[in-house]
Structure formats: C-alpha cells, structure tokens
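# Structural overview for review
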Amino acid sequence: MPLTPNRRLVVVVLLVPLVVTLALWAFAWPAARTAPRDLPVGIAGTAPAADRLQQRLEERDGAFDVHRYDSEAAARAAIEDRTVYGAVVVTAEGPELLTASAGGTVVAQLLREAVTAAAPAGSEVPVTDVVAAPAADPRGAVLGASIMPLAIAGVAAGAAVTMLRLRGARAGAALLGVAVAVGLLATAVTDSWLGALTGDWWSEAGTIALAVLAIGAPVAGLAALIGTPGIGLGSLLMVLLGNPFSGVTSAPELLPRPVGLIGQLLPPGAGGSMLRSVAFFDGAAAAAPALALGAWAALGLAAVLVGGRRRTAADTAAPAAVREPALTG
C-alpha cells in the first residue's frame, strides 16, 4: 500500500534521527570504552621475576591474556605469527619489551605504559619493535582510514547493480569486476604510491578485492531478495556497524564485548585484519578472516542468483497473467 504524503513526512522525521542516533552509538560507544580485554601478550623468562610480572599483569582485572615462553626467540616468533601483540623478556638486567607497531600503534603504546607501570620503580624498559610499521606510515593511519572507503565501495557496487537492474550472472560478474578493479586501484594507491602497505602486492590486491566483494554481494543479495530496502539494510550492517566495530584503528581486544568479536565476523573487520596480516606479517593469522570474507561473498552471490531467478520468473509470469483474460474471453 503506497504511503500518503503525510505518512512519508512522518517516516522521514522519525527515520533520519533514528539512523543518526544509531550511527552515533555505533561510532562513539566503542571509542569511549576502549580498554584492553584479554589482550594477548607474552612473557619470556624464568621465575621468580617473570612470575611477579605475570602476576602484576593478571591483576588488571582481565585486561591481559598472558602467554609464557621459554626464550626471547620464541616470544619474537609468537609476535610475528600474530599469536600475541607483544612480549616482555625478563633478563638479569631487567625487563625488555618487544612490540609490533605494524599490528597496531595504539596497542604498542598501551603495552609500553602497562609494562612500565608493572616494572620495578625507577627502572627503564627498553623497547624493540619486532614488526615495525612502515616508515611512510608510522602510525598506521592509512590502513585505519582505508576501511570506510572500501565499505562504501562495496555498498555502492551493490546499490548500482540493483538500480541498474542487473540480475543473476550479470549481477555477479559486475560485482566481481568492481571488486577486482577496486583491489588493483586501492593497492596501487596504498602500496605503490603511499608505501603504507609493504607486503606482497598481489596478496594485498586480492584481499582488498575479496573484502569489497564480501560487502557488495550481500548488499545486492538483500536487494534481490527483499527489494530496494535491502540496500539500506546492507548499508546499516556494513557501514554503520561493520566499520566502527572493525577495530582496525586499535584492536578487536580493545573494544567492548562482544563488539570486538562481532566486528571480526563482519566484512570490514575481517578485511582489515586480513589486510594487516598480508601487508605486514607474511599472511600470518589470515585464515580466519579469509574464511569470514569468503562466506559473506558466497552467501551474497547465492542470494543475488536466487533473487534474480525469482524476479525473472515473476516478470515472465506477469504478461501471461495479463493476456489470459483476453484469451478466455
């Protein structure tokens, strides 16, 4: 039933403030509650000094998930494998902190503050950056800023496919083509030009393409199944929730529970984590986000195909229904 002008007025007056409030909540609440929650860190060394340091870290009410290692080499390997964000090596001369600014400068700074506070009073804690952020982007700002444009690109692709009435295989081909093009162009900008990504070029391009497809295909799929409102629903899910819940500017473990977990299950968060892995850690810990992205892309494309067949069948049946009275008359 079409809405009357008065009802459309009421919808606009109610809907816009509701969306703005949702956006404010989604972006502001996680930022205002940033704090470590079971943040994985390592301690390498022998008792009793290492035990005392572990106890001090564990006293911070679930802030850290402490992993023990027998040697500095093992702790470094854990950082490079993205098992922990950093580690403290306890030696006879005192503690030494190992960090990975490429894994998040916010986390690296938080670890410096936490370890310094837990160290004996007056002692200096030397810091070694095991996996450093690139010199062209020492604060990791480019990676953090890239997720929103990629989310917008995916939503725009899904919306364009819907508004241009592409269906079935053509819609899937268009979504795939956009994803590949965005992957190539975005990598050319962030890696080749800005030097903010330093991993394998084609792995970065493939990750970005997969992330865009994992966003665009569900948007187009929702629209194919439920109509144009699916674009709005997909946009809310991918942009207003997926982007602030991604944790790409800090870390999933710094977001309120269960926001960090939800964010990693959504394409923006999974895409950011996978891109960080392939860009700085030789693909370590990329399997889980790749699986999440692949699932979203596959489900979205399946919805596009199913919705396209339904609409094609409906369009075919409509003229027959119009002609039938004339034939029987």
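In case you missed it, the structure is sitting above this.
Okay, so let's go over this structure. (Residues numbered from 1 in each chain as written. Predicted model: local features only at pLDDT ≥ 70, side-chain atom pairs only at ≥ 80, totals over all residues. Heavy atoms only, no water.)

So, about the nonpolar core. Formed by 47 residues in total, the largest nonpolar core has its most connected members in Ile-79, Val-131, Leu-175, Ile-208, Phe-280 and Phe-281. Sorting the residues of this core by element identifies helix 3 (72–80), strand 3 (87–91), helix 5 (141–163), helix 6 (168–193), helix 7 (201–226), helix 10 (267–280) and helix 11 (287–328) as the ones contributing at least two each. Among the elements that line this core, the one with the most residues is helix 7, at eight residues. Beyond its immediate stretch of four places on either side in the chain, Val-131 contacts Glu-80, Thr-99, Ala-100, Ser-101, Ala-102, Phe-280 and Phe-281. Listed in part, the 23 residues of the second largest apolar core include Leu-53, Phe-64, Val-107 and Ala-118. (Core = buried A, V, L, I, M, F, W, Y, C linked by side-chain atoms within 4.5 Å. Buried < 20%, exposed > 50% of the residue type's maximum accessible area, 1.4 Å probe, protein only. Helix = DSSP H or I, 4+ residues; strand = E, 2+ residues; numbered from the N terminus. Contact = heavy atoms within 4.5 Å.)

The next thing to look at is a nonpolar patch on the surface. A surface patch of nonpolar side chains, about 410 Å² in accessible area, is lined by Leu-3, Val-11, Leu-15, Leu-18 and Val-19. In this structure, Leu-15 sits in helix 1 (residues 5–32). The class of Leu-15 is partly exposed, set by a relative accessible area of 45%. (Patch = residues over 30% accessible without salt bridge, like charges linked within 9 Å, V, L, I, M, F, W, Y side chains within 5 Å. Areas by Shrake-Rupley, 256 points an atom, 1.4 Å probe, with all protein chains shown as cover. Salt bridge = Lys/Arg side-chain N within 4 Å of Asp/Glu carboxyl O.)

The terminal C-alpha atoms of helix 5 lie 34 Å apart, and with 23 residues this matches the ideal 33 Å at 1.5 Å per residue to within 8%. Backbone geometry just downstream of helix 5 places Arg-165 in the positive-phi region, at approximately 60°. (Expected span 1.5 Å × (residues − 1).)

Our focus in this paragraph is the packing of aromatic side chains. Counting across every chain of the model gives three aromatic pairs. Note on Trp-25 and Phe-245: the rings are 5.9 Å apart at their centroids and 75° apart in plane angle, and the pair reads as edge-to-face. One end of the pair, Trp-25, is in helix 1; the other, Phe-245, is in the loop between helix 8 (229–241) and helix 9 (259–265), and 220 residues separate them in sequence. The class for Trp-25 is partly exposed, based on a relative accessible area of 39%. For Phe-245, a relative accessible area of 5% corresponds to the buried category. A centroid spacing of 4.9 Å and a plane angle of 70° characterise the contact between Trp-201 and Trp-202, whose relative ring orientation is edge-to-face. (Phe/Tyr/Trp six-rings, centres within 6.5 Å; stacked < 30°, edge-to-face > 60°.)

Glancing now at the environment of Ala-32. Note on placement: Ala-32 falls in helix 1. Taking the C-alpha atoms as reference points, Ala-32 and Pro-256, 224 residues apart in sequence, are found 9.4 Å from one another.

Our next topic: the pairing of strand 4 (residues 94–99). Taking burial as the measure, the six residues of strand 4 include five buried ones, the bulk of the element. Bridge analysis of strand 3 against strand 4 gives five bridges, and the strand direction is antiparallel. The partner of Val-88 across the bridge, within strand 4, is Leu-97. Count of turn residues in the strand 3/strand 4 antiparallel hairpin: two residues. (Pairing = 2+ DSSP bridges.)

Below, the discussion takes up the packing of helix 6 against helix 7. For the pair helix 6 and helix 7, the least separation of the axes is 7 Å and the interaxial angle reads 140°. One element, helix 6, and the other, helix 7, form an angle in the oblique class. The interaxial crossing formed by helix 6 with helix 7 has right-handed handedness. Residues Leu-175, Leu-176, Ala-179, Val-180, Val-182, Gly-183, Leu-184, Ala-186, Thr-187, Ala-188, Asp-191 and Ser-192 of helix 6 pack against Trp-201, Trp-202, Glu-204, Ala-205, Ile-208, Ala-209, Val-212, Leu-213, Gly-216, Ala-217 and Ala-220 of helix 7. A per-class count over the contact of helix 6 with helix 7 returns 17 nonpolar, four polar and two charged. (Axes fitted to C-alpha atoms, helices over the stretch in contact; angles between N-to-C directions. Parallel < 35°, antiparallel > 145°, perpendicular 65-115°, else oblique. Left-handed = near helix turned anticlockwise from the far one by under 90°. Nonpolar A, V, L, I, M, F, W, Y, C, P; charged D, E, K, R; others polar.)

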